[in-house]
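Examining the three-dimensional arrangement
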Amino acid sequence: MRDPGKRVVQLLTAVELTIGCLAGAMIFVLVLFQAVQRYLPLPQVVWTGELSQFALVWLTFAAAGVLVTRNGHIALQLVDSLPSPVVVRVVQTLAMVLVALIAAAFTWACWELVSSAGFLTSPALGLPMSWVYAVVLVGLVSTTVRAAVGAVQVARNGVPSPDHDEGEVVR
């Protein structure tokens, strides 16, 4: 019987990666269009720069939680090569707890932005800024939850191997 929790995580990961891929494609198309409209006699579309900037923010925060789960963030792996697996486990657990705490603080701040910025709109698109911040909020919640779960998993099961399948750990 399959683990329903694992299925939910896979679904959420797929949604986050889809948002990230769509945002990346949007950035590519919009920036390419900006370059083309500079050299061709096309009417100027002013909102493309603004939307590509929002897409970069969305890409960053949509992918953050997935990167925490997959250990894909930039990290110094100096401690990982220590001979004591207990020290490595403690340091990795503390690092994940720290990521969870910082992401939780950012989540709280972002919630304040979403709830208070409903009347603000972006200059070119007229998009409510609370919509822009909502994607960031979802990414921060994902990062917080994934880092907290990761801290518990590392503390209980040990550090995952670098090329691990789901659930495989190095003890």
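Residues numbered from 1 in each chain as written. Predicted model: local features only at pLDDT ≥ 70, side-chain atom pairs only at ≥ 80, totals over all residues. Heavy atoms only, no water.

**What about the overall build of the chain?**
- What the chain contains, in helices and strands, is four helices and two strands.
- Its helices and strands in sequence order give the chain the pattern α-α-α-α-β-β, from N to C terminus.
- Its C-alpha atoms give the chain a radius of gyration of 20 Å, clearly above 16 Å, the size a compact globule of 171 residues would have.
- The C-alpha extent of the chain, read off along each of the three principal axes, is 65 × 40 × 35 Å.
- Residues counted as buried form 30% of the 171 residues belonging to the chain.
- Partitioning the contacts of the chain with sequence separation of at least 6, the portion at a separation of at least 24 is 62%.
- Summing over all exposed atoms, the chain offers an accessible surface of approximately 11400 Å²; the carbon and sulfur share of this is 72%.
- Computed over 9 positive and 9 negative side-chain charges, the inter-centroid distance for the chain is 4 Å. (Helix = DSSP H or I, 4+ residues; strand = E, 2+ residues; numbered from the N terminus. Rg over C-alpha atoms; globule rule 2.2 N^0.38 Å. Buried < 20%, exposed > 50% of the residue type's maximum accessible area, 1.4 Å probe, protein only. Contact = heavy atoms within 4.5 Å. Areas by Shrake-Rupley, 256 points an atom, 1.4 Å probe, with all protein chains shown as cover. Lys, Arg positive; Asp, Glu negative; His and termini not counted. Charge placed at Lys NZ, Arg CZ, Asp CG, Glu CD.)

**Here's the deal with the nonpolar core**
- Grouped together as the largest cluster of nonpolar side chains are 11 residues: Ala-23, Ile-27, Leu-30, Leu-51, Phe-54, Ala-55, Trp-58, Ala-117, Leu-127, Met-129 and Val-132.
- Mapped onto this core, the elements with two or more residues apiece are α1 (4-39), α2 (47-69) and α4 (129-157).
- At four residues, α2 tops the list of elements feeding residues into this core.
- If we ignore the near neighbours within four places in the chain, the residues touching Phe-54 are Ser-122, Leu-127, Met-129 and Val-132. (Core = buried A, V, L, I, M, F, W, Y, C linked by side-chain atoms within 4.5 Å.)

Just geometry here; none of it tells us what the structure is for.
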